[in-house]
Amino acid sequence: MISGDFHIHTAFSADSEADVHAVLNSAIEKGMKTVCITDHWDADYPEKYEEVLFQFDSEAYVRGLETVKKEYAKKLDVRIGIEIGMQPHLGSFYKELVNQYPYDFVIGSVHVIGKDDPYYKDWWDKYTDRQMYQKAFDETLSNLDQIEDFDVLGHIDYIVRYGRRQEEAYSYERFCDILDEVLKKVIASGRGIELNTSGWKYGLDFCHPHPDVLRRYRELGGEIITVGSDAHKPEHVAYDFKRAEEVLKLCGFTYYTQFRNRKPEFLKI
Ligand SMILES: [Zn+2]
Ligand SMILES: [Zn+2]
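Residues numbered from 1 in each chain as written. Chains lettered and ligands numbered in written order. Predicted model: local features only at pLDDT ≥ 70, side-chain atom pairs only at ≥ 80, totals over all residues. Heavy atoms only, no water.

Undergrad: When you look at the coordination of the zinc ion (ligand 2) in this model, what are you seeing that I'm missing?
TA: Each donor-metal-donor angle in an ideal tetrahedron of four donors is 109.5 degrees, and each such angle in an ideal octahedron of six donors is either 90 or 180 degrees. Taken together, His-7 (NE2), His-9 (NE2), Glu-83 (OE) and Asp-230 (OD) make up the protein donors of the zinc ion (ligand 2), found 2.1 to 2.2 Å from the metal. Coordination geometry of the zinc ion (ligand 2): the four donor atoms subtend angles of 81 to 171° at the metal centre, consistent with an arrangement described as irregular. Between consecutive donor residues of the zinc ion (ligand 2), the sequence gaps follow H-x1-H-x73-E-x146-D. Separating the zinc ion (ligand 2) from the zinc ion (ligand 1) is a gap of 3.5 Å, which Glu-83 spans by donating to each of them. Taken as a pair, His-9 in the loop between β1 (4–8) and α1 (20–29) and Glu-83 in strand β3 (residues 77–85) lie far apart in primary sequence, 74 residues in all. (Donors = N, O, S within 2.8 Å, 3.2 Å for Na, K, Ca; no water. Tetrahedral: all angles 85-135°; square planar, octahedral: opposite > 155°, others 65-115°. Helix = DSSP H or I, 4+ residues; strand = E, 2+ residues; numbered from the N terminus.)

Below you can see the structure in the form of structure tokens.
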């Protein structure tokens, strides 16, 4: 059984109002033994979306979670992480940010492409689905070249969620050249990827990344794989983890990964 959710948001993220206690209680109810809170930090987020600021007071965040960690110590192993929004020019900024505090785990995710966030519809009008997906994967590769301070690459292929026809324009085969480059680069650098169950929550019939990509990652020698719900609400903690377990086994994994002090730990599925 997978008993560690390594991608969870709380009210420290601009797009979540989740109370950390409610989140941790939900994790215990769902049988989790370990969780890692990974709130958003997106530096230099485009100004045109100025209603949100994906940043937090690091000191308050880490100290607050340390207190909660002690409070739950007998019931749940709480780890402290962060999800950084990568952009190729932010390598040195994030180096400083994530090394300022003793984080257990850093997810590197691509939320901004050029100066756009595909979450917003203005971006969709400019490109076909296929062009959007290609741009997102190209940007992912550029980020891997420029940013070193993260442990796993977050939600590869979540761009498909925002496509007009979603998976109709997407398959591993269609983007295999660029996806293989991304996966090989991740593996060669000693990092990993995550299985993010939010694709199912958003109504896609696959998790992120698609099982074909997970299988390919394994084939190429990828071993580090964390599992995360990307919950922004307490009830979504450990969302569809049973299904995640089945997918991992089908893709050839016998272990999944958790992080402590930025070091991977491997647990039997
Ligand atoms: Zn994300
Ligand atoms: Zn997230």
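Okay, back to it.
Undergrad: Just checking my understanding: could you explain the coordination of the zinc ion (ligand 1) for this structure?
TA: Those donors, Glu-83 (OE), His-111 (NE2) and His-155 (NE2), are the protein atoms that reach the zinc ion (ligand 1), and they lie 2.1 to 2.2 Å from it. Motif for the zinc ion (ligand 1), donor spacing along one chain: E-x27-H-x43-H. Given a relative accessible area of 0%, Glu-83 falls into the buried group. (Buried < 20%, exposed > 50% of the residue type's maximum accessible area, 1.4 Å probe, protein only.)

Undergrad: How should the pattern of salt bridges be read in this particular structure?
TA: Side chains that differ in sign of charge can pair as their charged atoms come close. Following the criterion strictly, the structure yields 20 salt bridges and no others. One salt bridge in this structure joins Asp-212 and Arg-215, with 3.1 Å as the shortest N-O distance. Remark: Arg-215 and Asp-212 occur in helix α8 (residues 211–219); sequence separation between them is three residues, near one turn of the helix. Residue classification places Arg-215 among the partly exposed positions, given a relative accessible area of 34%. Here Arg-216 makes a salt bridge to Glu-219, at a shortest N to O gap of 2.9 Å. (Salt bridge = Lys/Arg side-chain N within 4 Å of Asp/Glu carboxyl O.)

Undergrad: It is not clear to me how the packing of helix α6 (residues 176–188) against α8 should be interpreted in this structure. Could you clarify?
TA: Each packed pair of helices is defined by two parameters, the angle between the axes and the distance between the axes. At their nearest, the axes of α6 and α8 sit 10 Å apart, and the two run at 45° to each other. By the criterion of interaxial angle, the relationship of α6 to α8 is oblique. In this structure, α6 meets α8 at a crossing whose hand is right-handed. Counted together, Leu-179, Asp-180, Leu-183, Val-186 and Ile-187 of α6 and Val-213, Arg-216 and Tyr-217 of α8 form the full contact between these two elements. Looking at the contact of α6 with α8, its residues break down into six nonpolar, no polar and two charged. (Axes fitted to C-alpha atoms, helices over the stretch in contact; angles between N-to-C directions. Parallel < 35°, antiparallel > 145°, perpendicular 65-115°, else oblique. Left-handed = near helix turned anticlockwise from the far one by under 90°. Contact = heavy atoms within 4.5 Å. Nonpolar A, V, L, I, M, F, W, Y, C, P; charged D, E, K, R; others polar.)

Undergrad: Looking at this model, I keep getting lost on the packing of aromatic side chains. Mind explaining?
TA: The geometry of an aromatic ring pair is captured by two quantities: the separation of the ring centres and the angle between the planes. All told, the structure shown has 19 aromatic pairs when counted by the stated rule. Centroid distance Tyr-133 to Tyr-170: 6.2 Å. Interplanar angle 90°. Geometry classified as edge-to-face. Separated by 37 residues along the polypeptide, Tyr-133 in helix α5 (residues 129–146) and Tyr-170 in the loop between β5 (152–153) and α6 bring together distant segments of the chain. Plain terms: the ring middles of Tyr-170 and Phe-206 are 5.9 Å apart, the flat faces sit at 35° to each other, and that makes the pair tilted. (Phe/Tyr/Trp six-rings, centres within 6.5 Å; stacked < 30°, edge-to-face > 60°.)

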